[in-house]
Amino acid sequence: MMDANGDFLAVLFTDFHPREGKRSGAWMSSFKSQFIKNGADSRPHITIVMNFTRPTETKPALLTFDEVETFLHEFGHALHGMLAKSTYETLSGTSVYRDFVELPSQIMENWLVEKEYLDKFAFHYQTGEKMPAELVQKIINAANYNIGYLTFRQLSFGYLDMAWHTLEQPFDGDVREFEQKAMLPVKLLPVVPGTSMSTAFGHIFSGGYAAGYYSYKWAEVLDADAFAAFKENGIFDKKTAQSFRVNVLEKGNTEEPMALYKRFRGHEPTVDALLERNGVK
Ligand SMILES: [Zn+2]
């Protein structure tokens, strides 16, 4: 990948289709991160791996909406890695706090429901017809279906996680009682007797998300608020994109995320953009 002025930025390896023995799913990783040594900027080698539907003899690879969304997500992580500009490798690219690492990836997903973006490539493979606006709206509506409940559910998991991981004394009380109290501020539906989330919540005990579950929702707040800057200035506005690149993507973990974010956005994020995207405001 070259910069606009022709400077070498990074090598990007793409591995798009499934094959025998290949792991399923999609991810970005770094074969070699970026760093600066003795004044020389050593550029990164990044990969994104997908498992897209393969083309056949008679049909091209017709990607589903989810596949393109996943691609944009991983490509956002890849940009974070490829545009890195730090002295130390350990602070470079995606080596940021867990509650900041999904901003560059999730922000990319926002473009996918923008008609202006879809009209650039999402044509019917036989007729060449553009994706109808009503269909795009249906996709948005489906994503927002039941969003109030889903939001509270997600928040309740964050509250529960934080309650367990801020205990300062060994716990010997009643797990269900503790749990219900922790989730009370965001409780929407009555508790089903005999159920307990804590004992099934592997994510926060063995999944690496201890005291970090909130970052799922927080990343949405960040990506919606950040994308609102593009909505305000135009989704292909170069100045906004450049600011995101310089203030967020290039900086890695060299500064506090909030300081970087504010330099890009001009202020701290608010929940407004997310609520608007969700159709509740
Ligand atoms: Zn991600």
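Our subject is the structure that appears above.
If you're wondering where the values come from, they're calculated on a predicted model, not measured in any experiment. (Residues numbered from 1 in each chain as written. Predicted model: local features only at pLDDT ≥ 70, side-chain atom pairs only at ≥ 80, totals over all residues. Heavy atoms only, no water.)

Trainee: I'd like a rundown of the layout of surface pockets, residues and numbers included.
Mentor: A volume near 1,000 Å³ is recorded for the largest pocket. Lining the largest pocket are 35 residues, with Asn110, Glu220, Asp223, Arg277 and Asn278 positioned closest to its centre. Elements supplying a minimum of two residues to the lining of the largest pocket: α1 (65-82), α2 (103-109), α4 (133-143), α5 (147-164), α8 (215-233) and α11 (272-277). Of all the elements, α8 adds the most residues to the lining of the largest pocket, at 10 residues. Here the lining of the largest pocket is composed, by residue class, of 16 nonpolar, eight polar and 11 charged. Of the volumes computed, that of the second largest pocket is approximately 740 Å³. Forming the boundary of the second largest pocket are 25 residues, of which Leu79, Leu83, Phe230, Ala241 and Gln242 lie nearest the centre. If you list the elements that add at least two residues to the lining of the second largest pocket, you get α1, α2 and α9 (238-249). No other element matches α9, which puts six residues into the lining of the second largest pocket. Tallied by class, residues from the lining of the second largest pocket come to 19 nonpolar, two polar and four charged. (1 Å grid on protein atoms, 1.4 Å probe; cavity = no way out; pocket = protein on both sides within 12 Å on 5 of 7 lines; lining within 4 Å. Points joined across faces, edges and corners; volume = space filled by probe spheres on them. Helix = DSSP H or I, 4+ residues; strand = E, 2+ residues; numbered from the N terminus. Nonpolar A, V, L, I, M, F, W, Y, C, P; charged D, E, K, R; others polar.)

Trainee: Pulling in residues and values, what's your account of the packing of α8 against helix α10 (residues 257-265)?
Mentor: Across the interface, α8 lies against α10 with an axial gap of 11 Å and an inter-helix angle of 20 degrees. Between α8 and α10, the interaxial angle falls into the category roughly parallel. For α8 against α10, the interelement crossing comes out left-handed. In this structure, α8 uses Trp218, Leu222, Asp225, Ala226, Ala228, Ala229, Phe230 and Glu232 to contact α10, whose residues at the interface are Met258, Tyr261, Phe264 and Arg265. Of the residues belonging to the contact of α8 with α10, the class tally is nine nonpolar, no polar and three charged. (Axes fitted to C-alpha atoms, helices over the stretch in contact; angles between N-to-C directions. Parallel < 35°, antiparallel > 145°, perpendicular 65-115°, else oblique. Left-handed = near helix turned anticlockwise from the far one by under 90°. Contact = heavy atoms within 4.5 Å.)

Trainee: How would you summarise helix α6 (residues 175-183) if you had to cite specific residues and measurements?
Mentor: All of the buried residues along α6 are Phe178, Glu179, Ala182 and Met183. On an axial view of α6, the arc spanned by its buried residues comes to 120 degrees, and they lie on one face. Away from the buried face of α6 by more than 90 degrees, exposed residues Glu177 and Lys181 are located. Of the surrounding secondary structure, the elements contacted by the buried residues of α6 are α5. Where α6 begins, the side chain of Asp174 points an oxygen toward the backbone nitrogen of Arg176, at a separation of 3.0 Å. (Buried < 20%, exposed > 50% of the residue type's maximum accessible area, 1.4 Å probe, protein only. Arc of directions from axis to C-beta. Polar contact = N/O pair within 3.5 Å; in protein donor to acceptor, adjacent residues only side chain to side chain.)

Trainee: How would you explain the sheet that holds strand β1 (residues 11-15) if you had to name every residue and give the values?
Mentor: By definition, the strands of a sheet pair up through backbone hydrogen bonds, in either a parallel or an antiparallel sense. Here we have three strands laid out as an open sheet, ordered β1-β5-β2, and mixed in their pairing. For this open sheet the edge positions go to β1 and β2 (27-32), each flanked by a neighbour on one side alone. Strand after strand, the sheet turns through a mean of 20 degrees between neighbouring axes, direction not considered. Sheet analysis places β2 next to strand β5 (residues 45-49), joined by five bridges and oriented antiparallel. By the bridge assignment for β5, Ser30 is matched with Ile46. (Pairing = 2+ DSSP bridges.)

Trainee: How would you summarise the side chain of Thr240 if you had to cite specific residues and measurements?
Mentor: Assignment of secondary structure puts Thr240 in helix α9. On the basis of relative accessible area, Thr240 is assigned to the buried category, the value being 6%. A polar contact of 3.0 Å, which involves the side chain of Thr240, links it to the side chain of Asn233. Among the polar contacts listed, one links the side chain of Thr240 to the side chain of Asp237, at a separation of 2.5 Å. In this view, Thr240 contacts Ala229, Phe230, Asn233 and Phe264; residues no more than four positions away in its chain are not counted.

Trainee: Outline the pattern of salt bridges, listing residues and values.
Mentor: When the charged atoms of two side chains lie near each other, side chains of opposite charge can form a pair. Counted under the stated rule, the structure contains 13 salt bridges. In this structure, the salt-bridge partner of Asp15 is Arg19, at a minimum N-O distance of 3.0 Å. A salt bridge links Glu255 to Arg263; the shortest N-O distance between them is 2.5 Å. Note on Arg263: relative accessible area 42%, which makes it partly exposed. Among the charged side chains, a network of salt bridges with common partners joins Asp3, Arg245 and Glu250. (Salt bridge = Lys/Arg side-chain N within 4 Å of Asp/Glu carboxyl O.)

So yeah, pure geometry; function would need other evidence.
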